[in-house]
Amino acid sequence: MVRSAPMPEIRGVWLTTNDTDVLVDQPKLHNAIDQLAELNFNTLYPVVWNGGYTSFDSGTARQAGIQHFTRRGIQDYDILEELTTKAHSQGMSVIPWFEFGFMAPATSELATLHRSWLSEKSNGSYIDTTREGGDMVWLNPYKPEVQQFITHMLLELISRYDVDGVQFDDHFILPVEFGYDSYTRALYKDETGKDIPNDPHNPSWVKWRADKLTAFVKTLNADLKARRRDIIFSVAPNPYQYAYKGQLQDWLTWVRQGWVDELIVQIYRNNLDSFRQQLYTASVRETQQKIPTAAGILTGLRNSPVPIRFIESKVRAARASGLGVTFFFYESLWEDAPEPADTRQASFKELFATPAQRTEHRANSRLPALS
């Protein structure tokens, strides 16, 4: 359904594990949020699920035997609660980011204690060696135990914290090479009467796995909305063709079915023409007619800084196409950057000269949870 009312412009930033000093030190956290609010940002995406551990007090994680501690600020505060309260006082939305999705380090407690939850490649290996940060594994998103674990963790979070939504990204997927574990083989055989194709890119095999993930997203969305009907179901995927064919993530179907409330496409291109091309793909153009949509823009990595003029060009291109913007990641906005902090801050102030309040989902009081 196409919306007729104007949609708020997303002006967001991801707070990652690289921003730990900011998250765990109360004065730094408050100063960061004040600065972002002054520059007319309106959305924070703090990481809460990374490396097989949560950044919030999770009974679900404890019951799974994977986490016997709670990460807190050095002044002994609940990081997510502190961040959310402060951001809301500045009129900003907070959408916790489940960064690792179904991915976990191969040496994590999650991987070692719950080996039966993992998916495999056709050669029987469950190790993904293609990821930065070391060997990773993938939880099988089709197994009921995995679905329950993820769902309970999310329900726990939105019940305990006054957050505005939850976000899933390009790790809320299953790489196309995976799905050859015994559970998935048996399920495929039972439903199709056939053996799993040897070619992971076989179109029918790709579609079957993508459809299974889509079915879980439908159920997950319904469960979250039943608990809190105002919650924003945010997705930050890769561009559609790669997301579907390489990661079994059919996010365009999720949008069409009304299960996604906002979409941020990660367009981390180092070429402006390539960046612009992704802004005008059919999938993005269709999505932005339905829900708030933004381009994910890389503001720099520790070993690969991005000049502010290039960031400005990307922001202007995204806005010219009718999209909002979200930046990866906070520290590289101006702290770990090639230009002085005040120079970069002045640039963002010019780009976001007027406020853009996100009033679509927030209200002065929270909507009650549904029974």
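Please refer to the structure higher up on the page.
Chemist: Break down the overall build of the protein chain for me, citing the residues and quoting the values.
Modeler: Secondary structure summary: the protein chain contains 15 helices and 15 strands in total. Relative to a compact globule of 371 residues, whose C-alpha radius of gyration would be 21 Å, the protein chain shows 20 Å and is just as compact. The C-alpha extent of the protein chain, read off along each of the three principal axes, is 60 × 45 × 45 Å. Across the 371 residues that make up the protein chain, the buried fraction comes to 58%. Charge-centre separation for the protein chain: the mean point of 39 positive side chains lies 6 Å from the mean point of 45 negative side chains.

Chemist: So what's going on with the packing of helix α7 (residues 182-192) against helix α8 (residues 203-227)? Which residues, and what values?
Modeler: Angle between the axes and distance between the axes are the two parameters that describe a pair of packed helices. Two elements in contact, α7 and α8, have axes whose closest approach is 12 Å; the angle formed by their N-to-C orientations is 105 degrees. In terms of axis orientation, α7 runs roughly perpendicular to α8. Where α7 abuts α8, its residues T184, L187, Y188, E191 and T192 lie against S204, W205, W208 and K212. Considering only residue class, the contact of α7 with α8 consists of four nonpolar, three polar and two charged.

Chemist: Describe the environment of L80, listing the residues and the values that go with them.
Modeler: Note that L80 resides in helix α4 (residues 79-89). Sequence-wise, L80 and S55 are 25 residues apart; in three dimensions their C-alpha atoms are separated by 7.7 Å. Non-local contacts of L80, meaning those with residues more than four positions away in its chain, are made with P46, V48, F56, V94, P96, L157, Y161 and V163.

Chemist: Go over the pairing of strand β12 (residues 293-298), please, and point to the residues and values.
Modeler: Counting buried positions along β12 yields six of six residues, so the element is predominantly enclosed. Pairing geometry for strand β11 (residues 262-266) and β12, over four bridges, is parallel. Bridging from a neighbouring strand, I264 pairs with A294 of β12. Bridge count for β12 against strand β15 (residues 324-328) is five bridges, and the pairing is parallel. Across the sheet, residue G296 finds its bridge partner in β15, namely T326.

Calculation rules
Residues numbered from 1 in each chain as written. Predicted model: local features only at pLDDT ≥ 70, side-chain atom pairs only at ≥ 80, totals over all residues. Heavy atoms only, no water. Helix = DSSP H or I, 4+ residues; strand = E, 2+ residues; numbered from the N terminus. Rg over C-alpha atoms; globule rule 2.2 N^0.38 Å. Buried < 20%, exposed > 50% of the residue type's maximum accessible area, 1.4 Å probe, protein only. Lys, Arg positive; Asp, Glu negative; His and termini not counted. Charge placed at Lys NZ, Arg CZ, Asp CG, Glu CD. Axes fitted to C-alpha atoms, helices over the stretch in contact; angles between N-to-C directions. Parallel < 35°, antiparallel > 145°, perpendicular 65-115°, else oblique. Contact = heavy atoms within 4.5 Å. Nonpolar A, V, L, I, M, F, W, Y, C, P; charged D, E, K, R; others polar. Pairing = 2+ DSSP bridges.

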